[in-house]
Amino acid sequence: MPVIDIQNLSKVHAADGLSVNAVNGVNLQIGAGEFTAIVGASGSGKTTLLNLIGGIDTPSGGEVLIGGRSIGRMSETERTAFRRDHIGFVFQNYNLLPVLTALENVEFVMELQGQPVTDRRNRAETLLRQIGLGDKLNVRPGKLSGGQQQRVAVARALAHRPQFVIADEPTANLDSKSTADLLTLMEQLNRQEGITFLFSTHDSRVMEKARRVIVFNDGMIQSDTDQ
Amino acid sequence: MMNRTLNQMAWRNIWRNKTRSLVFMGAALLGFAVALFTLNTMKAIAAQRLRDAINVQTSDVQVHRKGFVDDHELTYTLPQADALITRLRQTSGVAVVAKRLVVNGVVTAPDNNLVGEIKGVVPRDENRLSVLGDFLVEGGPLTDDGRSPILISRRTADKLHVRLKSKLVITVKAANGDLAGGVFRVVGIFATPSTPFDENTVLVRYNDLAALTGVTAPHELAVKLTNPSQLAEVKAAINAGMPAGTQLDDWKVLLPELFAFDGFINMVGILFTLIISLGLGFSLMNTMNMIVAERTRELGMLRAIGQSRWSVFRMLIAECVLMMLIGAIGGVLLGTVFIGLAARYGIRISEGLGMLGIRPVMYPTLDPALLFVILGLATLLTLLISLVPASRILRLNLAQALKQ
Ligand SMILES: Nc1ncnc2c1ncn2[C@@H]1O[C@H](COP(=O)(O)OP(=O)(O)OP(=O)(O)O)[C@@H](O)[C@H]1O
Ligand SMILES: [Mg+2]
């Protein structure tokens, strides 16, 4: 069974009397352990699709089933808990909490879940050391470079062992060296720990690293290739 | 999520915009300090004024013949007074009972004269009942020794150009309808905070005034209670056996303007607190609006990664509560220091307010009840107002918030 099963999914954005079919009848399955990129021009609907999959937005039609459960049919409260327990998020602009240290940021979702403090602290520390930030545990994001912040964000996204991690343009704000480093890290985590990654990009170098590339155009899948 | 972490995040969030937070907390601090100081001083003035008036002028309750309060007619004396006094003294909760004659008359000195109220009092009882002795500025209280002593106020002494040991003639209407006069010697001069009392009242011995007027039964029984807060109970007990044609009045009736003033002060206090709360409330509302606007993306992110609406809301409210508490606690400390200094060195209040029975220098003390009213009311109101913008977070559109 796929981790993510998308059936006839559509989303209509309405603004100023204009409506846009940002996602238009998409069918798609993502299996466990995939390392998949969604690429497409600006405005093609990548963010909208990832938001629907992540339960940040709700569909106008169709279904997103995760582990067999329809995320669009949950109540807001259920959906929030579902995001917390089953999905990891990495954002384009890092979105770490500026008032928390790197360690506290990585612990955060586990804390929301109510995990005991020693468990979550150990897990967060191990992860931060693993991604080469062992010396930055008690540093706040403002004192970290963009590349370092995004690594912390990746650690936060998978610390609570979600079913998959969604990353919307995770490298868009990074220079090429940091981009390469981050991708290496994500690949490593994918291969060694079996973490499922679904990310969007318009960077061809990022796209090359993906094992499956879905090209998105006008809210529809134009091509879907394994490489 | 655990409250401790929410509070910790709220605490750290306060310091993200130091200037803005400090301005708000400073405003709250000053607001609370000024409110506490002002209201306490006002309360202290009102309470002191009332206490002085009760202790010197009326005592807690008085018994009169019906009609006497409105018209000090010489013949309106109390029937069966001795039996009544004995019964009152046996009533539980009664500390002192003192009988008085109250007669209008003319006080004449060689240079001048004045019309006023001559009070005939029994020295032994009166000195236990009234604190007039505390306000003596020259000489001593009335005693059973010596011939025809009289107490007059500083103002009366100045007006009549007399001193301690001067002689005065008191002229009154006697029971038989004739004028009667007697010579009295000044043994003490008093100055109470109440100008009207001082200008209008002289005190002589009961027996001397009785001899002069030919009226022996008292016009007034002044009753002091062991515990003034038992007023209602003791009044009820006394009222149960009052002779026909007599009436019992408490200080609230005898000093209506002071009783009303007490209520007025309470109202001013509540209004003052409301105004401060509104000011702080809108300032906090404004701060909260800016916070929600500035941190929309961050709040959207928190919601996205799984923090619940209520938890985010609570975190924002905690930020407000913390700022409010810091301001309030600081304000209470500062206000208490102000009050402490005032209690030690006194606050000089205009001498002219003696007309209102207000002492020229006040030494306020901190009224804990007032402290809790101000703290409770202001904190509650302020927070209620700040809930309005904070509640916007409950309706946050995640996708839009994250796009910012
Ligand atoms: N909240 C919204 N209201 C109205 N229209 C929207 C809204 N969000 C997105 N759209 C529109 O939907 C379409 C898809 O937008 P989306 O952000 O998903 O594209 P994208 O592929 O992520 O683009 P980019 O590469 O620029 O991030 C665009 O035409 C966009 O203008
Ligand atoms: Mg996008």
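Residues numbered from 1 in each chain as written. Chains lettered and ligands numbered in written order. Predicted model: local features only at pLDDT ≥ 70, side-chain atom pairs only at ≥ 80, totals over all residues. Heavy atoms only, no water.

- You'll find chain B entered in an unreviewed UniProt entry as ABC transporter permease, with Fibrella rubiginis given as the organism.
- Under the UniProt heading Subcellular location (unreviewed entry), the entry covering chain B gives this text: "Cell membrane".
- On record in UniProt, under Sequence similarities (unreviewed entry), the comment for chain B is "Belongs to the ABC-4 integral membrane protein family. LolC/E subfamily." (UniProt positions renumbered as here; feature names shortened; annotations may be inferred.)

- The name an unreviewed UniProt entry assigns to chain A is ABC transporter ATP-binding protein, from the organism Fibrella rubiginis.
- As recorded by UniProt, the Sequence similarities (unreviewed entry) comment attached to chain A reads in full: "Belongs to the ABC transporter superfamily. Macrolide exporter (TC 3.A.1.122) family."

1. Considering helix H5 (residues 146–159) of chain A
Residues and elements named next belong to chain A.
- Counted at 1.5 Å a residue, the expected span for H5 with its 14 residues is 20 Å, and the 20 Å between its end C-alpha atoms agrees.
- With 12 of 14 residues buried, H5 lies mostly within the body of the structure.
- Turning to H5, its buried residues are Gly147, Gln149, Gln150, Arg151, Val152, Ala153, Val154, Ala155, Arg156, Ala157, Leu158 and Ala159.
- After H5 finishes, the residue arginine 161 shows a positive phi value of roughly 55 degrees. (Helix = DSSP H or I, 4+ residues; strand = E, 2+ residues; numbered from the N terminus. Expected span 1.5 Å × (residues − 1). Buried < 20%, exposed > 50% of the residue type's maximum accessible area, 1.4 Å probe, protein only.)

2. What about unusual backbone geometry?
Residue and element names in this part refer to chain A.
- A positive phi angle, close to 60 degrees, is found at tyrosine 94, a residue other than glycine.
- Despite not being glycine, glutamate 169 shows a phi value in the positive range, around 50 degrees.
- Turning to its location among the elements, glutamate 169 is positioned in the loop between strand E7 (164–168) and helix H6 (176–193).
- Here glutamate 169 falls in the buried class, since its relative accessible area comes to 12%.

3. Let's talk about the UniProt feature "domain: ABC transporter" (unreviewed entry) in chain A
- Here, UniProt's "domain: ABC transporter" (unreviewed entry) annotation points to residues 4–227 of chain A.
- Across residues 4–227 of chain A one finds 37% helix and 29% strand; the C-alpha atoms that close the span lie 20 Å apart.

4. Concerning the domain arrangement of chain B
Residue and element names in this part refer to chain B.
- Assigned domains of chain B: these are domain 1 (2–53 + 259–403) and domain 2 (67–244).
- Of the roughly 450 Å² buried where domain 1 meets domain 2, counting both sides, 66% is carbon and sulfur surface.
- For the pair domain 1 and domain 2, the number of links is 0 salt bridges.
- Taken together, the connections running from domain 1 to domain 2 amount to 0 residue pairs in polar contact (both at pLDDT 80 or more).
- Along the lines of polarity and charge, the residues of the side of domain 1 that touches domain 2 split into 2 nonpolar, 2 polar and 2 charged. (Domains from an automatic or database assignment. Buried area = accessible area lost by both parts, 1.4 Å probe. Salt bridge = Lys/Arg side-chain N within 4 Å of Asp/Glu carboxyl O. Polar contact = N/O pair within 3.5 Å; in protein donor to acceptor, adjacent residues only side chain to side chain. Nonpolar A, V, L, I, M, F, W, Y, C, P; charged D, E, K, R; others polar.)

5. Examining the sheet that holds strand E8 (residues 197–201) of chain A
Residue and element names in this part refer to chain A.
- Pairing within the open sheet is mixed, and its 6 strands lie in the order E6-E7-E8-E3-E9-E10. Lying at the two open borders of the sheet, with one neighbouring strand each, are strand E6 (87–90) and strand E10 (220–226). Strand-to-strand twist in this sheet, taken as the mean axis angle between neighbours without regard to direction, amounts to 20 degrees.
- Where strand E9 (residues 212–217) and E10 come together, 6 bridges link them in antiparallel fashion. Each bridged residue has a counterpart across the sheet, and for valine 213 the counterpart in E10 is threonine 225. (Pairing = 2+ DSSP bridges. Axes fitted to C-alpha atoms, helices over the stretch in contact; angles between N-to-C directions.)

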